[in-house]
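# Understanding the architecture of this molecule
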Amino acid sequence: MISTISQLFISNAYAEGAAPASQGGDFMQVLPLVALLAVFYFLILRPQQKRARELKTMIEALQKGDEVVTVGGMLGKVTKLGEDNVAIEIADNVVIQVQKAAVQNVLPKGTIKTL
């Protein structure tokens, strides 16, 4: 009785013949993914890492008297260097302190002209 009921609800599974293995088929399926990852690396990750490395070396090379531009667009001359902060003179007797990471670019000497 139980075998009749199990045959009614559960069908038998029969193994089908194994499909012949395609040669190189797996590699051809993975190839677009590998190509996409390579393009992603060379167009996005590598230039970003290069820019971060350049920015780090620029910040480490900051010296007193350098003319800089901050991320906020402030132009000034470095008057004092701290461990994490930089004092920048943006006008006569006006000195602000910013984090070193806020320095975006070092300008050539003599770029900033006082009015």
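Refer to the structure above for everything that follows.
Residues numbered from 1 in each chain as written. Predicted model: local features only at pLDDT ≥ 70, side-chain atom pairs only at ≥ 80, totals over all residues. Heavy atoms only, no water.

### With respect to the sheet that holds strand β2 (residues 75-81)
With antiparallel pairing, the 5 strands of this open sheet are ordered in space as β4-β3-β2-β1-β5. With partners counted over all chains shown, the strands left at the sheet margins are β4 (94-99) and β5 (103-107), one partner each. Ignoring strand direction, the axes of neighbouring strands in this sheet form an average angle of 45°. Direction of pairing for β2 relative to strand β3 (residues 85-91): antiparallel, over a ladder of 4 bridges. What sits directly across from Lys80, in β3, is Ala87. (Pairing = 2+ DSSP bridges. Helix = DSSP H or I, 4+ residues; strand = E, 2+ residues; numbered from the N terminus. Axes fitted to C-alpha atoms, helices over the stretch in contact; angles between N-to-C directions.)

### A look at the packing of aromatic side chains
On inspection of all chains with the given rule, the structure shows 1 aromatic pair. Each ring, one from Tyr41 and one from Phe42, has its centre 5.1 Å from the other, and the planes form 80°; the classification is edge-to-face. Judged by relative accessible area, Tyr41 falls into the partly exposed class, the value being 35%. (Phe/Tyr/Trp six-rings, centres within 6.5 Å; stacked < 30°, edge-to-face > 60°. Buried < 20%, exposed > 50% of the residue type's maximum accessible area, 1.4 Å probe, protein only.)

### Points about unusual backbone geometry
Among all residues save glycine, negative phi is the norm, and among peptide bonds the norm is trans. Here the phi dihedral of Asn93 falls at roughly 60°; this positive angle occurs in a residue that is not glycine. As for its placement among the helices and strands, Asn93 is situated in the loop between β3 and β4. The class for Asn93 is exposed, based on a relative accessible area of 77%.

### Observations regarding the pairing of β2
Strand direction decides the pairing type here: strand β1 (residues 67-70) and β2, joined by 3 bridges, are antiparallel. Bridge pairing in β2 links Glu67 to Lys77. Hairpin connection of β1 to β2: 4 residues between the antiparallel strands, including Gly73 at a positive phi of 95°. Hairpin geometry of β2 and β3 is characterised by an intervening segment of 3 residues between the two adjacent antiparallel strands.

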